[in-house]
Amino acid sequence: MNIILLVLGFILLLKGADWFVDGASSIASRFGIPQLIIGLTIVAMGTSLPEAFVSITAALKSNAAITIGNVVGSNILNIGIILGITALIRPLHIQNSTIKYEMPFMMLVTLVLILQGINKNISHLDGIVLWLFFLGYLYYIFRMTKNQTEETEIKKTNPLFIPLGLVCLMIGSNFAVDAATNIAISLGVSQRFIGLTIVALGTSLPELVTSVTAAKKGNADIAIGNIIGSNIFNILFVVGSSALITPVPFESHFLIDSFVAIFIGLVLYVCTKKTRVLDKKAGILLLVTYLIYFIYLLY
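Because the structure is a prediction, the values reported are computed rather than measured.

Rules used throughout
- Residues numbered from 1 in each chain as written.
- Predicted model: local features only at pLDDT ≥ 70, side-chain atom pairs only at ≥ 80, totals over all residues.
- Heavy atoms only, no water.
- Helix = DSSP H or I, 4+ residues; strand = E, 2+ residues; numbered from the N terminus.
- Buried < 20%, exposed > 50% of the residue type's maximum accessible area, 1.4 Å probe, protein only.
- Contact = heavy atoms within 4.5 Å.
- Areas by Shrake-Rupley, 256 points an atom, 1.4 Å probe, with all protein chains shown as cover.
- Patch = residues over 30% accessible without salt bridge, like charges linked within 9 Å, V, L, I, M, F, W, Y side chains within 5 Å.
- Salt bridge = Lys/Arg side-chain N within 4 Å of Asp/Glu carboxyl O.
- Expected span 1.5 Å × (residues − 1).
- Phe/Tyr/Trp six-rings, centres within 6.5 Å; stacked < 30°, edge-to-face > 60°.
- Axes fitted to C-alpha atoms, helices over the stretch in contact; angles between N-to-C directions.
- Parallel < 35°, antiparallel > 145°, perpendicular 65-115°, else oblique.
- Left-handed = near helix turned anticlockwise from the far one by under 90°.
- Nonpolar A, V, L, I, M, F, W, Y, C, P; charged D, E, K, R; others polar.
- Polar contact = N/O pair within 3.5 Å; in protein donor to acceptor, adjacent residues only side chain to side chain.
- pLDDT = per-residue confidence, 0-100.

### Considering the overall build of the chain
Part 1: Broken down by element type, the chain carries ten helices and four strands.
Part 2: When the elements of the chain are put in sequence order from the N terminus, they spell out α-α-α-β-α-β-α-α-α-α-β-α-β-α.
Part 3: In the chain, which comprises 299 residues, the proportion classed as buried is 55%.
Part 4: The long-range share in the chain, meaning contacts at least 24 apart out of those at least 6 apart in sequence, stands at 87%.
Part 5: Accessible surface for the chain amounts to roughly 12700 Å². Of this, 70% is attributable to carbon and sulfur atoms.

### Brief notes about a nonpolar patch on the surface
Part 1: Among the surface-exposed residues, Leu125, Ile128, Val129, Leu132, Leu135, Leu138 and Leu244 lie close enough to one another that they form a single nonpolar patch of about 600 Å² accessible area.
Part 2: Ranked by the residues each element gives to the nonpolar patch, the list is headed by helix α5 (residues 124–148), at six residues.
Part 3: Among the secondary structure elements, leucine 138 is positioned in helix α5.
Part 4: Accessibility expressed as a relative area gives 30% for leucine 138, which makes it partly exposed.

### Side note on helix α6 (residues 161–186)
Turn by turn, an α-helix covers 3.6 residues, leaving residues three or four places apart pointing in a common direction.
Part 1: With 26 residues, α6 extends 37 Å between its outermost C-alpha atoms, agreeing within 8% with the 38 Å of an ideal straight helix rising 1.5 Å per residue.
Part 2: Among all positions of α6, only Ile162, Gly165, Cys168, Leu169, Gly172, Ser173, Ala176, Val177, Ala179, Ala180, Thr181 and Ala184 are buried.
Part 3: Once α6 finishes, glycine 188 follows within two positions and takes phi at roughly 75 degrees, a positive value.

### Section: the environment of leucine 160
Part 1: Mapped onto the secondary structure, leucine 160 falls in the loop between α5 and α6.
Part 2: C-alpha separation for the pair leucine 160 and isoleucine 27, spaced 133 residues apart in sequence, amounts to 9.8 Å.

### Quick look at the packing of aromatic side chains
Part 1: Here the structure, examined in full by the defined rule, presents twelve aromatic pairs.
Part 2: Ring geometry for tyrosine 101 and tyrosine 140: centres 6.2 Å apart, planes at 55 degrees, overall tilted. Taken together, the residues tyrosine 101 in helix α4 (residues 96–117) and tyrosine 140 in helix α5 connect sequence positions 39 residues apart.
Part 3: Ring geometry for phenylalanine 134 versus phenylalanine 233: centroids 5.8 Å apart, planes at 70 degrees, classification edge-to-face.

### With respect to the packing of α4 against helix α9 (residues 254–272)
Part 1: Direction vectors running N to C along α4 and α9 enclose 170 degrees, while the axes themselves pass 9 Å from each other. The angle between α4 and α9 falls in the class roughly antiparallel. Of the two elements, α4 crosses α9, and the hand of that crossing is left-handed. Here Ile99, Met103, Pro104, Met106, Met107, Thr110, Leu111, Ile114 and Gly117 of α4 lie close against α9, whose contacting residues are Leu255, Ser258, Phe259, Ala261, Ile262, Gly265, Leu266, Leu268, Tyr269 and Thr272.
Part 2: Here the contact of α4 with α9 is composed, by residue class, of 14 nonpolar, five polar and no charged.

### Remarks on the environment of glycine 240
Part 1: Along the chain, glycine 240 falls in helix α8 (residues 220–245).
Part 2: On the basis of relative accessible area, glycine 240 is assigned to the buried category, the value being 0%.
Part 3: Each C-alpha atom, one on glycine 240 and one on glycine 127, is 4.1 Å from the other, the two residues being 113 residues apart in sequence.
Part 4: Among residues more than four places away in sequence, those in contact with glycine 240 are Gly127, Leu130, Trp131 and Ile235.

### What about helix α10 (residues 280–298)?
Part 1: Taking 1.5 Å of rise per residue, the 19 residues of α10 would be expected to cover 27 Å, and the 27 Å separating its terminal C-alpha atoms lies within 8% of that figure.
Part 2: If you check the start of α10, you find a side-chain oxygen 3.4 Å away from the backbone N of lysine 281, and it comes from aspartate 279.

### Comments concerning the confidence of the model for the chain
Part 1: Taken as a whole, the chain shows an average pLDDT of 83; of its residues, 89% reach a score of 70 or greater.
Part 2: The least confident element of the chain is helix α2 (residues 35–60), whose mean pLDDT is 70; the most confident is α9, at 95.
Part 3: For the stretch residues 149–154, pLDDT sits under 50, and the model shows eleven contacts to residues farther than four places along the chain or on other chains.

### Comments concerning unusual backbone geometry
Part 1: In the Ramachandran plot, lysine 120 falls in the positive-phi region, its phi being about 65 degrees despite a non-glycine side chain.
Part 2: Counting through the fold element by element, lysine 120 comes out in the loop between α4 and β2 (121–122).
Part 3: Taking the relative accessible area as the measure of exposure, lysine 120 reaches 52% and is therefore exposed.
Part 4: The phi dihedral of arginine 276 is positive, around 60 degrees, even though this residue is not glycine.
Part 5: Within the secondary structure, arginine 276 sits in the loop between α9 and β4 (277–278).
Part 6: In this structure arginine 276 comes out as partly exposed when scored by relative accessible area, which is 22%.

### Some details on the packing of α9 against α10
Part 1: Orientation of α9 relative to α10, taken along the N-to-C sense of each, is 165 degrees, at an axis distance of 10 Å. Taken together, the axes of α9 and α10 lie roughly antiparallel to each other. For the pair α9 and α10, the sense of crossing is right-handed. Across from Ile256, Asp257, Val260, Phe263, Ile264, Val267, Leu268 and Cys271 in α9, the residues of α10 making contact are Ala282, Leu285, Leu286, Thr289, Tyr290, Tyr293, Tyr296 and Leu297.
Part 2: Split into classes, the residues belonging to the contact of α9 with α10 amount to 14 nonpolar, one polar and one charged.

See below:
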């Protein structure tokens, strides 16, 4: 039954991501909004809802390994695996604002999470601080939208595909996460390993499928913006909201994982700073970096 649910989840994710990207691109075309903005907002937040659902539920159950592990693990996997695979499919051109502002901001908020977690607890006050950062991020996007509106050809894709695709993404993610977690538990895998890998992969499947689909359709800005925006959203909104509901314990070994998240972000930054392109060589480097981290988790 778990294997059947896993396969069904993948099918829903594939179709849901296809509809979601088409709908998001349609909105960008109809209102003259750059694809990067759509990727950083609607697509990023929509594909991060599985992380939000899993982490907030885990916070209510005082399950630190799932709450923090899911977010940090997803952020590492988003860059290492998803951007790595996407770059192998098609080189991704990156806008200047992503290099100058969004990538550094992503690493900054990860550092903020580390500083908050030093005392082994993400408090209500920490949650408020994360939410203030989140509101500031939304304001930045709003300003960028006003400054970068552009004329684009209106596509005939129905924007209603966004909620329809989102429903498929949510249902598919839940099926995949539940099935994968049950399989992992039956094999006696540790809870931390599940949170950082299995659950992180499951909740990152929408980002994976959406980014790959966007790259194939030539919407590279959505692919890059989706990942960077999702990582920012995961920390600021997901952890912030979880901490507002109840203080979230931050186990000491998550400090290492969080530093890995910053390091792999730096790898992405260095590989793309000069050329503004994430090519196949950089994609391979990201995949190798994640493989090294995965081997570390095994031991």
